[in-house]
Structures are given as structure tokens and as C-alpha cells.
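Tertiary structure, described
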Amino acid sequence: MKLKLKIWRQKNRNSKGKFEIYDLDNVSEEMTFLEMLDYLNSKLILEDKEPVAFDSDCREGICGMCGLYINGRTHGPEKEVTTCQLSMKAFKDRSTITVEPWRSKAFPVIKDLVVDRTSFDQLIQAGGYISADTGAAPEANSIIIKKETVDRAFDAGICIGCGACVATCKNASAMLFVGSKVTQLALLPQGKAEATIRAISMVAKMDELGFGNCTNTGACEAECPKGISISNIAKLNREYLYAKIQD
Amino acid sequence: MSILDSKIPDGPLAEKWSKHKASIKLVNPANRKKLDVIVVGSGAAGASAAASIAELGYNVKVFAFQDSSRRAHSIASQGGINATKNYKNDADSDYRLFYDMIKGGDFRAREANVYRCAEVSNSVIDQFTAQGVPFAREYSGYLANRSFGGVQVSRTFYAQGQTGQQCTIAAYQALMRQIHEGKAKMYNRCNMLDIVVKDGKARGIIAKNIETGEIERYSAHAVVLATGGFGTVYYLSTLAINSNGSAALAAYKKGAFLANPSLAQIHPTSIPKLNEYQSKLTLMSESLRNDGRVWVPKEKGDKRKPNDIPEEERDYYLERRYPAFGNLVPRDVASRAAKERCDAGYGAGETGLSVYLDFKDAIQKQGEKTISDKYGTLFDLYNKVTETNPYKEPMRIYPASHYTMGGLWVDYNLMTTIPGLYAIGESNFSDHGANRLGASSLLQCAADGYFILPVTIADYLADEIRTPTIPTDTPEFEEAEKAVKERLNKLISLNGTKTITSFHKRLGNILWDNSSMVRSEKSLKKALQLVNELEKEFWSDVKVPGSINEFNQELDRAGRVADFFELASLIIIDALNREESCGAHFREEYQTEEGEPKRNDEKFQYVAAWEYQGESKPPKLHKEELKFENVKVVQRSYK
Ligand SMILES: Cc1cc2nc3c(=O)[nH]c(=O)nc-3n(C[C@H](O)[C@H](O)[C@H](O)COP(=O)(O)OP(=O)(O)OC[C@H]3O[C@@H](n4cnc5c(N)ncnc54)[C@H](O)[C@@H]3O)c2cc1C
Ligand code: FES
């Protein structure tokens, strides 16, 4: 394949970025999207040009480190894949591909396609845990939990923290990220004791960090590479409301 | 001749740990907050250690090179985590897990450490469950188990094919809580480049701030490495692409001994290499061998589609060769058997470098829903990578570099040969001998991090309570920082003609061809020479773009590849030294008539711990003789 790549270049946090155009020949459709960028970079390096910075680590869709805005869509055109799993088969020969970093106030760009997602860690710090000190745990089977409850907790807990939900939301809301954590932990008996305080603290932190409100457009669910359901947001709202009533 | 003191407590095996805990030194809670601990790494081992040590009241600083501590490579582990709960009433016990690990490791691991790992395994499951890990449950609401290779009991706890994700996130959340409480501090996007040793003790690290490129100094009363494995030395592996051996190498060069570096696991069930551009291999968890049957065509070079090959023309070679364990033989055995079939011309697929893993029977017996409940995420992953549907057509798999059993030598307290420097999780050598059993790495990581290190580190820190905060403006920090900067400058200034990745690929090929599943004196000597030549070429012809004081991913990569060369040499030297076959280390010259590894217990029943002697000097070998007082050392058999 022969491609025209329109890629966002930005030196660092403080500089203004701009798009650069690169023509790339001999792209194989067997490459993944990131292998295509690896290939571009190897060319740039040998031409004495600066390679494009982008994040990735596991390259199998689980660490959440990768994440690009490709032709205006988070993680590209395919459903339920991360950028590292995206195959070049999804693109046509001689097409132009626009590649940008996540765009969101809560995720500042630090170089080219790399963003700072520490705000997600801060959200978890605000309460996205069960306070069980090492050594305090009871025997695991002493609390039985319905299979379907655990399965639902698992479905909420598979979030990889990539940030696509925020990046795709017109309000830059982190409700799906927070909702899935609150739901996972509130479903489990072990996490119930802190369910209320967890919901309140995480929502407060979300506001403090400049994430927007949820207006239920559902874009986050549609773009989530793990297919996490928007029903987690409803659950968060219920937990939050319940918490507020109790207040 | 050995100066290695493994500090194994006296007494019967099952009592060692409780006795040790009862006699070990303690630090008064009021003194703990005056003591700083650095933890490098935030995977299953690092995050659990950091959180648990912070809970005890020490000041903890955690470093990781990813943008968030949640992304450590542990997140990718799939199939499960072992414990001896005996929920299945299949006669499981601490001793049995201990025995399975010792035997699986082909009698090259340290008894006392392995037993302790088994002993705390139940607490690990309790802890994870309490922290919200949604381990799979039966319809009754009780926890479910499955089997893994090399054992005959069902002791593996799992969360579909994402056990590592769920456990790592639980440990991460525990760490986030400690950060919230001000007891731990996280340094993300920070690359540790050296360890600072003062008066013989580990006192801090030199790290590169990946975003700004700045070289920074951090001090502590003790330093813990939880930096994972270096299977990426083979270039293609099942590990995250940035996993590396630089921390282990830095420790080695500062005086920590590196043990059994050649003992590396090649995992039997990875999705095969599909093309030349590939940057990594995707694992298909071993748990799949619970229900999947491995086969190749009986006919050489049979290129028919797998579903067109009738039952009687399939060779279920694992079931044939190993009737007792069948598809659940340990990894080293399964990998070599796959290689043997492929080398003999029976391999599947275009390249002939793959075998089938077939779920037809299991789906017929249990139904698609049950299979999807157990392995849904893995089947989806397979489908994404290969665009074939494993519910309809058997998977194609092939062995891939996966895990390093070898690592930094540690004593019973998990301390390296540098006082105050600890190594936990995959970065140490202690529990898996010459071959790791499935679902026992997450266990070891969490055992080390939650339950062992937080206790044993006190023994050292108890003598440090009068040491004030370690200053970073001392000559030791100065020198370490200078050396780090000089090396980075050198890499940038080379300005050669070849990319870093091209060197990494070539290095990987040399090792894969000559020092992976099968090795010989001849292949190893050849590999050593090739590695040395390539290393020279690297240091004269590599091209590292950009500058030091900026976000420069290529420079970080260059440092890692430069370190891989040194590690590769050490791996080969260790493999040459071990003139026997054991577990994953298969020297062609030493095999039984049936082609199984033939150990030489008289000469090699030891841990080979290598001491750095200076640049271009051969390392010095120290031997920790292994004593087996609680198992009978036998020829492993899975027939
Ligand atoms: C695909 C796959 C599946 C697996 N499945 C299973 C399974 O089902 N069950 C099981 O028991 N085991 C499994 N394993 C093995 C297991 O996942 C690993 O052995 C284990 O997770 C290692 O954990 P760790 O905490 O030691 O290191 P890692 O999780 O690798 O973490 C290393 C940490 O060190 C940091 N680090 C490293 N070097 C530096 C440096 N120089 N500076 C700063 N930070 C640094 C990294 O940022 C990271 O945080 C699997 C492995 C793979 C590859
Ligand atoms: S690199 Fe890990 S999810 Fe893409």
C-alpha cells in the first residue's frame, strides 16, 4: 500500500503543535497500525528526521498504553480493538490517514502523539479501591458470591484505562471510566462498605480535574475497545444518588 | 568456594518460615516513617510490595517506565494463579504444590523458598479476593478452579483469560490508596539506569525522567527491584515490547550476582509469527490445554485445511508420547515436542512452523457457552490477531520466548548480594528452577510482594533506624550520574547508519537459532561469537536520533538493546557452563534415549551465580549447592 499520513507533531507540553504530511510506500496490510508507525519511524531515523513519538507496550490490547485518534476516531475505524490491535487491512491503498493524540483538557499532550493520563490515576486514588490491608483478608470462600454477580463485576472490571471514552466524548467526561470502577467494586460484597464514599469521592475528583459532565450521548460505549457498557454509568448515578440522599 | 549465604533457616521445611518470622528483627512503627524504601517496578510484585510496605508505615517511592503504574507487564498475564486451597478435595496441599514446582523446575530451585511460596499461596488468594479480584465462581457461588500443565490437581484460580489484569489492578489500586494517604509516591515515565551503592549498601538509584530527559537522583535506606523478566532479549516474545533486562544488568554490574541467566522459558502456545513486520507475539494461555488437544497431521507436509483432515489422520503427539499427563505436560516438554514435530516436517500452516490446538471435542462435550465462559477473551484475542474463528477451526500455535527463570540471586530474605538491594517477582531467580509451571509466577510475585518482602525487609531496616535520610549530593551519586550521562552521550554521538530495532532483531535471531529450545556447545560458541561481533557493530554503527534532554524513546530503547548484548553474552556463558540438560535448558549432547533432558546431578545440582569482574573480563562463577532434603531427586517423567 501507498499511504499519505497526516500526523500531529508537537515538541513538548508547552509548544504549539501542527500537522506534518508523510508519504509512505510499501506498507503491508499484514502490519498492525503501530507496526506501520514503527516502519515510518525507521525510515525517518535513517533520513535524519525525528521519529514520531507514540506510546505502546503490551501490543495486545490489555495494557491500555496505546491510543490514537485515527481519522477522527479513537483507536481507529474498527469496533472493539485498541490501536495496537488495529490491522492495516482496515485502510485502503492510496488513502490519507490522519493521526492525532487524544484530545482532552484532562490529557495534555506531552509530545507528538503521547499524552499525560495521570488524571486517571488520580481518579483511582480518590477511592477506586477496596481498603483491605495486606493480612486482613478472610478466607476467600467464606463469602460466597453469585456467579452472575461476579461475572458482571468482571465485565465492568476489564477497563484498560486507555482513555478513549474521555477522548471521544464531546464533554470529555470520565463517567464510563469511573462508572465501571464504581460498579465493579459496588457489586462485590467486599466493596460494598465503601460504595457510597467511593462514588462521592470519585465524582468530586472528576469535577476537580476538569472532566466534563455526562450527557448520555453513548459515544464512550461505542468507542470503548473493551465494549464496556454504558449501564455502568447508570449504576454510578444510582450509587451517587443514593449516597446524596443519605448525606 | 562459595561466598553465597542463602540464609535458609534451620528446622523442618514446613516450619522454616514461621520460625523465621518469629525470630526476625522488627522495626518499631514509630521508626518506620523515618525509613525510605525505593521500589522499582509496579507489576504484580512491585505494586503489591510497595502497597504492603507503605501500609506498614515506611516511606515508599515507586518507579516505572510506563505512563501509569497500572500498565506493568503483569497486566497481560492470562490464565491464572495457583494456590493450595484444596477446594476440589483432590488431595492438594502446600507440600504437593511445593513438590510440583520443584519437580517441574527439574530440581534446580531452592527448596525452602519454593515451600514458602506454596505456604503463603492461600493468603494471596484471600488477599486478592478481598481487594476485589472477580475470580471465576461456580453457580454455587464458590470459587472455581482449573488445571494447568505439569500437575494432576485443579488449583488454579482465574478470571477468564485476564487473571493478571485483575490481580495487577487490585495491587495497583492498593498502591493508589497508599498514594492517597501520602505514604507512597509514584514516579511514572521514569527509567532507572543505575543503582547507587555507598559503603557497600544500596542507597539509591539514578533515573531518567522520560518526559524531560533529565537525569535524577533518588535515595533510600533500601532498594527493591521488581523489574520483571527479560525474555525480550529474543526480540520477538510474548512480553510487552518495552520489557527489558537493564535493571538486572545494572545491579549485576554494581555487584549483585546474576543467577542461572540461561534458564529461559519458551512457552509452547503462542500465536506463531505471521509476518516479517511483527513486533511481538501473542500468547494463548496454557489454560487452553485443559480443553484443547494438540495435534499435527500424520502425513508429512500435509497442507489440507485442518477441518479437512480426518480424525484417524491426526497425530495427537502429546497424548501419544505422554499418556499420563497428555496435553498437560509442562511447558518445556510441550515446546520441545512441538519443535520436534515441526523440524521433522509435520508442522501445520504455510511455514510448517505451527501445530494445532483443537477445541472441537471440548465444544462438542461442554457446549460453546461453557467454553466461551472459560476462554472467551482468549478466543476473541486469537480471532483478532489471526482473523480465524477458533470455535470453528483449531488454533495454530508455536513456541515463543516467555519467561526468565534465572535472575538476580537472592537469599531467603530476597536480598541480593548487595546489602539493602532486594529482588522480587520475575526479576529474581529463586522459585522456578529450570522451568516454571503455569500460574506460579503471579503467585510468586504476589507472595513476594504482599507477604514475604514486607516481613524480611524489616530485618535489614531494623539496623538502619539511626541512619538519617540519605543525601544525594555525595560522590557515589555524583559518579553514578556521570557514568549514566556519559553512556547516553556516547549512544547519541555514534550517529551510525542502522536503526536500534534492526540490531535488536538480529540479536534475537542469533539467540533464537542457537540458544533457545535446543542448544549445543557448538551452537552456543557460535552464538557467543556472533553476539560479540554484533555488539561491536552496534557500538560503531547504530543511529540514535535526537538529543538527551528531551522525550526520546529511541534513546531509551538504545540503552536497553545495548544492555541486551551484555545479557546475551552472559546467557550464553551460563548455558555453556551447564553441561547437562535440565528443564528448559536442553543441551543436545545430554539427553536420554527418549529425547528427554538428562541432568547431571553430581556436577550441576547448583545455582550458577555470576559475579561481574569488569568490562571485557569473563564473569566469575559462584555455586550455591542445592540440597534436597524433602523430595527424592528423580528423573522427571510425565509419561
Ligand atoms: C502473555 C503472558 C501471560 C502470562 N500468564 C501468566 C499466568 O496466567 N499466570 C502466571 O502466574 N504468570 C503468567 N505470566 C507470567 C507473569 O505475568 C510474569 O512473570 C509476571 O507478571 C512478572 O511480574 P513482575 O511484577 O515481576 O514484573 P512486571 O509485571 O514485568 O513489571 C515490571 C515493572 O518494572 C518496571 N521496570 C522495569 N525496568 C525498569 C527500569 N529500568 N526503570 C523503571 N522501571 C522499570 C516496569 O515499568 C514495570 O512496572 C504471563 C506472562 C506473559 C508474557
Ligand atoms: S499497547 Fe497495550 S493496549 Fe495497546
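Residues numbered from 1 in each chain as written. Chains lettered and ligands numbered in written order. Predicted model: local features only at pLDDT ≥ 70, side-chain atom pairs only at ≥ 80, totals over all residues. Heavy atoms only, no water.

Among the structural elements, I160(A) can be located in the loop between α3 (147–157) and α4 (164–168). Between the C-alpha atoms of I160(A) and K226(A), which are 66 residues apart in sequence, the distance is 7.8 Å. Residues contacting I160(A), with those up to four places away along its chain left out, are G61(A), I62(A), C63(A), G64(A), T82(A), P225(A), K226(A), R70(B), R71(B) and Q165(B). (Helix = DSSP H or I, 4+ residues; strand = E, 2+ residues; numbered from the N terminus. Contact = heavy atoms within 4.5 Å.)

If you look at the interface, chain A gives 75 residues, while chain B gives 75 residues. Counting the surface lost from both chain A and chain B, the interface buries some 6100 Å², and carbon and sulfur atoms represent 51% of this. At the junction of chain A with chain B, the criterion picks out 11 salt bridges. A salt bridge links K89(A) to E387(B), with the shortest nitrogen-to-oxygen separation between them at 3.6 Å. At the surface where chain A touches chain B, the tally comes to 47 residue pairs in polar contact (both at pLDDT 80 or more). Of all the secondary structure elements, the ones that give two or more residues to the side of chain A that touches chain B are α1 (33–46), β6 (109–111), β7 (114–115), α2 (118–125), α3 and α5 (175–187) of chain A. Here the residues of the side of chain A that touches chain B are counted per class, giving 38 nonpolar, 16 polar and 21 charged. (Buried area = accessible area lost by both parts, 1.4 Å probe. Salt bridge = Lys/Arg side-chain N within 4 Å of Asp/Glu carboxyl O. Polar contact = N/O pair within 3.5 Å; in protein donor to acceptor, adjacent residues only side chain to side chain. Nonpolar A, V, L, I, M, F, W, Y, C, P; charged D, E, K, R; others polar.)

All names here are of chain B. You will see that D199, though not glycine, has its phi angle at about 50°, which is positive. Residue position: D199 is located in the loop between β6 (190–198) and β7 (201–209). Located in the positive-phi region is A439, a residue other than glycine, with phi close to 65°. With respect to the helices and strands, the residue A439 is situated in the loop between β17 (421–423) and α13 (441–461). Residue A439 is classed as buried on the basis of its relative accessible area of 5%. (Buried < 20%, exposed > 50% of the residue type's maximum accessible area, 1.4 Å probe, protein only.)

What follows concerns the site of ligand 1. All names here are of chain B. Neighbouring ligand 1 are 36 residues, the closest being Q66, S74, G79, E426 and S441. In the environment of ligand 1, an oxygen atom lies 2.5 Å from a nitrogen or oxygen atom belonging to the side chain of S74. For ligand 1, whose accessible area on its own is 1000 Å², the fraction buried by protein is 98%. Of all the elements in the fold, those that place two or more residues in the shell around ligand 1 are α3 (44–56), β6, β15 (395–404) and α13. (Near = heavy atom within 4 Å. Areas by Shrake-Rupley, 256 points an atom, 1.4 Å probe, with all protein chains shown as cover.)

The next thing to look at is the domain arrangement of chain A. Where interface size is given, it is often the accessible area lost as the parts come together that is meant. Residue and element names in this part refer to chain A. When its domains are assigned, chain A resolves into domain 1 (3–100) and domain 2 (118–246). Taking only C-alpha atoms, the centre of domain 1 and the centre of domain 2 are 30 Å apart. Counting residues at the interface gives 13 residues for domain 1 and 12 residues for domain 2. Where domain 1 touches domain 2, the interface holds 1 salt bridge. In this structure, the connection of domain 1 to domain 2 is made through 3 residue pairs in polar contact (both at pLDDT 80 or more). When grouped by side-chain class, the residues that make up the side of domain 1 that touches domain 2 number 5 nonpolar, 5 polar and 3 charged. (Domains from an automatic or database assignment.)

Another point: the packing of α5(A) against helix α9 (residues 231–246) of chain A. Residue and element names in this part refer to chain A. The geometry of α5 relative to α9 is characterised by a closest axis approach of 8 Å and an angle of 70° between their N-to-C directions. With respect to their mutual orientation, α5 and α9 come out roughly perpendicular. Helix-helix and strand crossings are classified by hand; for α5 and α9 the assignment is left-handed. On α9, the residues touching M175, L176, V178, G179, S180, V182, T183, A186 and L187 of α5 are N232, I233, K235, L236, N237 and E239. For the contact of α5 with α9, the per-class residue count stands at 8 nonpolar, 5 polar and 2 charged. (Axes fitted to C-alpha atoms, helices over the stretch in contact; angles between N-to-C directions. Parallel < 35°, antiparallel > 145°, perpendicular 65-115°, else oblique. Left-handed = near helix turned anticlockwise from the far one by under 90°.)

In this section: the environment of L68(A). Mapped onto the secondary structure, L68(A) falls in the loop between α1 and β3 (69–70). Measuring from C-alpha to C-alpha, the distance between L68(A) and T83(A) comes to 6.4 Å, with 15 residues separating the pair along the chain.

Here the focus is the nonpolar core. Within the largest apolar cluster, 233 residues are counted, with the highest numbers of intra-cluster contacts made by I81(B), F128(B) and L175(B). Not counting residues within four places of it along the chain, the set of residues in contact with L175(B) comprises A47(B), A50(B), A51(B), V62(B), S69(B), A184(B) and M186(B). Counting 28 residues, the second-largest nonpolar core is a separate cluster that includes L5(A), M36(A), L40(A) and L86(A). (Core = buried A, V, L, I, M, F, W, Y, C linked by side-chain atoms within 4.5 Å.)

Residues and elements named next belong to chain B. Within the open sheet, the 3 strands sit side by side as β6-β7-β8. Their pairing is antiparallel. Across the chains shown, the open sheet's two edge strands, defined by having one partner strand only, are β6 and β8 (215–219). When strand polarity is set aside, the average angle formed by the axes of neighbouring strands in this sheet is 25°. Bridge count for β6 against β7 is 8 bridges, and the pairing is antiparallel. (Pairing = 2+ DSSP bridges.)

Moving on, we get to the domain arrangement of chain B. Residues and elements named next belong to chain B. Structurally, chain B comprises domain 1 (268–401) and domain 2 (475–600). Once you take the C-alpha centre of each, domain 1 and domain 2 turn out to be 31 Å apart. In this assembly, 11 residues from domain 1 lie in contact with 10 residues from domain 2. Between domain 1 and domain 2, the buried area comes to about 780 Å², and carbon and sulfur atoms account for 60% of it. When the area that domain 1 buries against domain 2 is broken down by residue, the three leading residues are D332, R336 and K339, summing to 55%. For the interface between domain 1 and domain 2, the tally reads 1 salt bridge. One salt bridge in this structure joins E596 and R321, with 3.5 Å as the shortest N-O distance. Counting the contacts that link domain 1 with domain 2 gives 2 residue pairs in polar contact (both at pLDDT 80 or more). When residues of the side of domain 1 that touches domain 2 are traced back to their parent elements, those giving at least two are α10 (331–343) and β15. Across the side of domain 1 that touches domain 2, the residue classes tally to 4 nonpolar, 2 polar and 5 charged.

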